Amino acid sequence: MLLARLARVSREVAAAPARSRKIALLAELFRDAEAEDVPVVIPYLAGRLPQGRLGVGWKALGRPVEPAAAPGLTVRETDARLTALGTVSGPGSQAERARLVGELMGLATEDEQRFLRGLLTGEVRQGALDAVAVEGLAQATGAPAADVRRAVMLAGSLQTVAAALLADGPGALDRFRLTVGRPVLPMLAHSASSVAEAVEKLGACAVEEKLDGIRVQVHRDGGTVRVHTRTLDDITDRLPEVTAAALALPGDRFVLDGEVISFGADGRPRSFQETAGRVGSRTDVATAARAVPVSPVFFDALCVDGRDLLDLPLAERHAELARLVPEPMRVRRTVVSGPADARRAEEFLAATLGRGHEGVVVKALDAPYSAGRRGASWLKVKPVHTLDLVVLAAEWGHGRRTGRLSNLHLGARTADGGFTMLGKTFKGMTDALLAWQTERLGELAVEHHGWGVTVRPELVVEIAYDGLQRSTRYPAGVTLRFARVIRYREDKRPEDADTVETLLAAHPEVRP
DNA sequence: TTCCGACAGTGGGGTCGCAAT
DNA sequence: ATTGCGACCCCACTATCGGAA
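Residues numbered from 1 in each chain as written. Chains lettered and ligands numbered in written order. Predicted model: local features only at pLDDT ≥ 70, side-chain atom pairs only at ≥ 80, totals over all residues. Heavy atoms only, no water.

1. With respect to the protein's contact with DNA strand C
Among the 31 residues in the neighbourhood of DNA strand C, the closest are listed as Ser-20, Gly-55, Lys-210, Thr-231 and Arg-484. Considering the 4 Å shell around the protein, atoms of DNA strand C inside it are sugar or phosphate in 93% of instances. Residue Gly-55 places a main-chain N or O atom 2.8 Å away from a phosphate oxygen belonging to DNA strand C. In this structure, a phosphate oxygen belonging to DNA strand C sits 2.9 Å away from a main-chain N or O atom of Arg-215. Contributions of two or more residues to the surface near DNA strand C are made by helix H2 (19-32), helix H4 (58-61) and strand E3 (214-221). Considering every element that reaches the surface near DNA strand C, the biggest residue donor is H4, with three residues. Across the surface near DNA strand C, the residue classes break down as 10 nonpolar, eight polar and 13 charged. (Near = heavy atom within 4 Å. Polar contact = N/O pair within 3.5 Å; in protein donor to acceptor, adjacent residues only side chain to side chain. Helix = DSSP H or I, 4+ residues; strand = E, 2+ residues; numbered from the N terminus. Nonpolar A, V, L, I, M, F, W, Y, C, P; charged D, E, K, R; others polar.)

2. Details of the packing of helix H6 (residues 93-107) against helix H7 (residues 110-121)
Contact geometry for H6 and H7: axes closest at 9 Å, N-to-C directions at 145°. Taken as a pair, H6 and H7 cross one another with a handedness that is right-handed. Residue-level inspection shows Leu-104, Met-105 and Leu-107 of H6 in contact with H7, the latter providing Glu-112, Gln-113, Leu-116, Arg-117 and Leu-120. Partitioned by chemical class, the residues of the contact of H6 with H7 number five nonpolar, one polar and two charged. (Axes fitted to C-alpha atoms, helices over the stretch in contact; angles between N-to-C directions. Left-handed = near helix turned anticlockwise from the far one by under 90°. Contact = heavy atoms within 4.5 Å.)

3. Details of the UniProt feature "domain: ATP-dependent DNA ligase family profile" (unreviewed entry) in chain A
What UniProt calls "domain: ATP-dependent DNA ligase family profile" (unreviewed entry) maps, in this numbering, to residues 287-414. Here residues 287-414 is 23% helix and 40% strand, with 40 Å between the C-alpha atoms at its ends. (UniProt positions renumbered as here; feature names shortened; annotations may be inferred.)

4. Thoughts on the protein's contact with DNA strand B
Inspection of the region around DNA strand B gives 41 residues, with His-398, Arg-400, Asn-407, Phe-426 and Tyr-474 positioned closest. Within 4 Å of the protein, the atoms of DNA strand B are drawn from sugar and phosphate moieties in a proportion of 90%. In the environment of DNA strand B, a phosphate oxygen lies 3.0 Å from a nitrogen or oxygen atom belonging to the backbone of Gln-126. The contact in question runs from a phosphate oxygen of DNA strand B to an N or O atom on the backbone of Val-132, over 3.4 Å. Within the surface near DNA strand B, the residues separate by chemical class into eight nonpolar, 20 polar and 13 charged.

5. With respect to unusual backbone geometry
For Arg-125, which is not a glycine, the phi torsion comes out positive at approximately 50°. Within the secondary structure, Arg-125 is located in the loop between H7 and helix H8 (130-141). The backbone phi angle of Asp-305 is positive, close to 55°, even though this residue is not glycine. What makes Asp-305 exposed here is its relative accessible area of 59%. (Buried < 20%, exposed > 50% of the residue type's maximum accessible area, 1.4 Å probe, protein only.)

6. Here's the deal with the pattern of salt bridges
Summed over all chains, the structure comprises 47 salt bridges. A salt bridge links Arg-19 to Glu-135; the shortest N-O distance between them is 3.8 Å. With Arg-19 in helix H2 and Glu-135 in helix H8, the pair connects residues that are 116 residues apart, well separated along the chain. Through salt bridges that share partners, Glu-77, Arg-81, Glu-96, Arg-99 and Glu-103 make up one connected network. (Salt bridge = Lys/Arg side-chain N within 4 Å of Asp/Glu carboxyl O.)

7. What to know about the nonpolar core
Judged by nonpolar contacts, the single largest core of 61 residues is most densely connected at Leu-6, Phe-30, Tyr-44, Leu-45 and Val-148. Contact partners of Val-148, with chain neighbours within four places excluded, come to Val-134, Leu-137, Ala-138, Ala-143, Val-161, Leu-165 and Leu-173. If you look at the next biggest cluster of nonpolar residues, it comprises 31 residues, including Leu-410, Leu-422, Leu-444 and Tyr-465. (Core = buried A, V, L, I, M, F, W, Y, C linked by side-chain atoms within 4.5 Å.)

8. Remarks on the side chain of Thr-479
Residue position: Thr-479 is located in strand E18 (residues 478-481). Exposure remark for Thr-479: the relative accessible area of 10% places this residue in the buried category. Looking at Thr-479, its side chain comes within polar contact range of the main-chain oxygen of Leu-422, at 2.6 Å. If we skip the residues at most four places from it in the chain, Thr-479 touches Leu-422, Gly-423, Gly-467, Leu-468, Gln-469, Ser-471 and Tyr-474.

9. Focus on the pairing of E3
Summarising burial for E3: seven of the eight residues are buried, a large majority. As paired elements, E3 and strand E5 (residues 253-261) share eight bridges and run antiparallel to each other. Residue pairing for E5: Ile-214 is matched across the bridge by Val-260. (Pairing = 2+ DSSP bridges.)

10. Considerations on the environment of Asp-130
Take Asp-130: it is sitting in helix H8. A sequence separation of 116 residues divides Asp-130 from Ala-246, and the C-alpha atoms of the two residues are 32 Å apart. Of the polar contacts made by the side chain of Asp-130, one reaches the side chain of Arg-48; its length is 2.8 Å.

11. Details of the pairing of strand E15 (residues 452-455)
Where strand E11 (residues 385-396) and E15 come together, three bridges link them in antiparallel fashion. Its bridge partner lying in E15, Ala-394 is registered against Val-453. Pairing between strand E14 (residues 445-448) and E15: three bridges, direction antiparallel. Along E15, the bridge assignment pairs Glu-447 with Thr-454.

12. Topic: the sheet that holds strand E9 (residues 359-364)
Strand order across the open sheet formed by five strands is E1-E10-E9-E2-E8, with mixed pairing between neighbours. Pairing within the sheet leaves two strands with one partner each, and these edge strands are strand E1 (188-191) and strand E8 (333-336). With direction set aside, neighbouring strand axes in the sheet form an average angle of 35°. As judged from the four bridges shared by E9 and strand E10 (residues 374-381), these two strands associate in the antiparallel manner. Considered in E10, the bridge of Lys-363 is made with Trp-378.

13. A closer look at helix H17 (residues 431-444)
Helix length check: H17, at 14 residues, gives a terminal C-alpha distance of 20 Å against a target of 20 Å (1.5 Å per residue), a fit within 8%. The secondary structure elements touched by the buried residues of H17 are E11, strand E12 (405-413), E14, E15 and strand E19 (484-488). (Expected span 1.5 Å × (residues − 1).)

14. A few points about the sheet that holds E3
Spatial strand order, E4-E3-E5-E6-E7: five strands in an open sheet with antiparallel pairing. Only two strands of the sheet have a single partner each, and these edge strands are strand E4 (224-228) and strand E7 (307-308). Of the strands in this sheet, E3, E4, E5 and strand E6 (295-304) are in contact with helix H12 (residues 240-248), which crosses E3 at around 45°. Sheet strands in contact with helix H15 (residues 314-324) are E5, E6 and E7, and its direction is about 120° off that of E6.

What follows is the structure, encoded as structure tokens:
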């Protein structure tokens, strides 16, 4: 199959607003793909490369290359060239990668170049990723969409399921069961603004402490342990403590879900930055482990003694977890019978925050483990802080925000009457707000740049954030975590904005 | 008919590893 | 030795479609 066909379908998918139309377009393409092309066609139209990321970003893409006049690239040749590109390393590799990318682009038409750039940067912007591709695959093969989706979650891979399905038909889906050693996509949580709201929605529930670390899925099959991240990356080699802990448990074949976090000598959790730095270290793991030892803390069991627990209610899965994993290696929790009991949940949240943790996750006791989904039966609750800050600049948006000033530079007042930048945010804006701020900031602009505008520091905006973290990028030595816009405060003047001093005083645990 | 669940898009900051300077 | 890029951790929020209620 020619790459040009994929590029054209991708453009049509992007242009079709209806999800059903996107699915139909993908299904048609998948039906026409030859068996050898399937392992490439499916991920490409789901906006991903089968090889994963190749070390090519905007810089390596470089200057535009003169496009080919007529399409000639096949899907298979493209894939072969990108596979070769992915193996390049060592001195001179950046230039070599750029050369190979340029060579490939030179063989591609303008349409194909656009598609390839999207794939390489991970931004195809066609309004369809894995979920829509799954529906398309189901339609192309006549298999029930729910069954295909479930197989993908259990396989942790769309292309594995696609290849099996197109080769052997819907019967192949039965092969995809929870298997120790093969990671499944983890269940995720929605947010709730308060514990009371969460308990109101869920009824009888468990309230568990939310640790600010790295999500892990741990598989043990006899003497073999594998540790995977939320995106199913294998990080076993970086976390010897987790392997040791899993091997010490009184079970032979199990899959556990939990968090890895580092505790300080005082028993309190270290900052997310410290834990993440440790988990990210892979060159000298032994040294990193001495400096920042980590502990696994589990909250769910997907499989125990080889028995699949996914469809059991949380209450039963937790009973299995408690049988296998001793107390200190489990997340603290309390069980609440319903809204009438919500005060106990509030107290538990307060105690959890007092221990230095991030918040809680409220989970319905009767809910199964919805692998790969952001189920409504898990609700996280974290305290939110707010500040009044001043807009110092704004950047032009991309995609659907093209032509709008989007990303705001946020400043806090300093003692000398000036402002210091604390970070940026693009979150929390409606289309109407984007239009309004584009207009208003245009009026306040003092300098126009390619990236946006700097403005007179006059507009006050109320910002929500999750906490402070240390920063080497910003002059105050701190930055806001997960900053988002609540609303503009036109009733406030810049001299009413919050100061760096009050901000630092509110977060004594963070020292710039 | 209205409501709501699921998705995709739009980017944020930090840290590490690696190659280039 | 330092700098810059890319990958991958953490993530919030809005718009939209389409099925559920």
